[in-house]
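Next come the chains, spelled out residue by residue.
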Amino acid sequence: GAVVSQHPSWVICKSGTSVKIECRSLDFQATTMFWYRQFPKQSLMLMATSNEGSKATYEQGVEKDKFLINHASLTLSTLTVTSAHPEDSSFYICSARALWPQYFGPGTRLTVL
Amino acid sequence: ELKVEQNPLFLSMQEGKNYTIYCNYSTTSDRLYWYRQDPGKSLESLFVLLSNGAVKQEGRLMASLDTKARLSTLHITAAVHDLSATYFCAVSTGANNLFFGTGTRLTVIP
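All values derive from a computational prediction rather than experimental measurement.

Novice: It is not clear to me how the sheet that holds strand 3 (residues 19-25) of chain B should be interpreted in this structure. Could you clarify?
Specialist: Sheets are built from strands paired through backbone hydrogen bonds, the pairs being either parallel or antiparallel. All names here are of chain B. In space, the five strands of this open sheet follow the order 1-3-8-7-6, with antiparallel pairing throughout. Of all the strands in the sheet, just strand 1 (4-7) and strand 6 (55-58) have a single pairing partner and so form its edges. Each neighbouring strand pair of the sheet contributes to a mean axis angle of 15°, computed without reference to strand direction. Taken together, the four bridges between strand 6 and strand 7 (residues 61-66) define a ladder with antiparallel strand orientation. Looking at the pairing, E58 lines up with L61 of strand 7.

Novice: What should I look at first to understand the packing of aromatic side chains in this one?
Specialist: The relative placement of two aromatic rings is captured by the distance of their centres and the angle of their planes. For the structure shown, the criterion picks out ten aromatic pairs over all chains. Where F67(A) meets Y92(A), the ring centres are 6.4 Å apart and the plane angle is 40°; that geometry is what we call tilted. Here Y92(A) lies in strand 9 (residues 90-97) and F67(A) lies in strand 7 (residues 67-73), a separation of 25 residues in the sequence. Counting every residue linked through ring pairs, the aromatic cluster contains F34(A), Y36(A), F104(A), Y33(B), Y35(B), F88(B) and F100(B).

Novice: I would appreciate a short explanation of the layout of surface pockets in the present structure.
Specialist: Here the largest pocket defines a volume of roughly 570 Å³. Along the wall of the largest pocket there are 22 residues; nearest its centre are L44(A), M45(A), L46(A), E1(B) and F99(B). Listing elements by their share of the lining of the largest pocket, those giving two or more residues are strand 4 (32-38) and strand 5 (44-51) of chain A together with strand 10 (98-100) of chain B. Top element by residues in the lining of the largest pocket is strand 5 of chain A. It accounts for four residues. Approximately 450 Å³ is the volume found for the second largest pocket. Along the walls of the second largest pocket sit 23 residues, with K41(A), Q42(A), Q37(B), T86(B) and R105(B) positioned nearest its centre. Only strand 9 (85-92) and strand 11 (104-109) of chain B provide two or more residues apiece to the lining of the second largest pocket.

Thresholds applied
- Residues numbered from 1 in each chain as written.
- Chains lettered and ligands numbered in written order.
- Predicted model: local features only at pLDDT ≥ 70, side-chain atom pairs only at ≥ 80, totals over all residues.
- Heavy atoms only, no water.
- Pairing = 2+ DSSP bridges.
- Helix = DSSP H or I, 4+ residues; strand = E, 2+ residues; numbered from the N terminus.
- Axes fitted to C-alpha atoms, helices over the stretch in contact; angles between N-to-C directions.
- Phe/Tyr/Trp six-rings, centres within 6.5 Å; stacked < 30°, edge-to-face > 60°.
- 1 Å grid on protein atoms, 1.4 Å probe; cavity = no way out; pocket = protein on both sides within 12 Å on 5 of 7 lines; lining within 4 Å.
- Points joined across faces, edges and corners; volume = space filled by probe spheres on them.

None of the figures reported here should be taken as evidence of function without further support.
This is the structure we're talking about:
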């Protein structure tokens, strides 16, 4: 099946700093990419949907100025958590698709101290 | 908004036993997915169900879909320890999004 990679897999940062997470579709062109957040022992919550070359669509309650999403090419999307705080600590999972199905990345665990 | 509920939330069972996990959703959907997630890992796709009455089986897991009842089941047969994980159902509509269920954390006890 198709492969989606994320980098880094785990990041620890200090409060107030920004962290960038990359999501790549390795063997297909992803017209749409999704970013999810998962808190411990909870389900996945969709944060935003992005189509290549256009602005991301954020879900209600997700601050677009805090979670910057760039989908610059058909194989790369980035999520930047700006001015991270401990409450932003979570497991971030990206997903990508051309049509269907969606393929999920391995996730990035963010810990903000 | 589409709501997806799973039952039970937590399940502990002995090896060799059978059990069914239920996934109910609130509005019409065109696809239903089952995923497995191991601790600290991302999602592994198990099944996609596209039509009413669809049944798919892989090893000890069998998934079915009843679109009229808006219900999918994931049946576990003769559970083994390796099946311990969290299982999510997810439902899609004609729009972009996948709506995830609450998850069922399964622990199989040797």
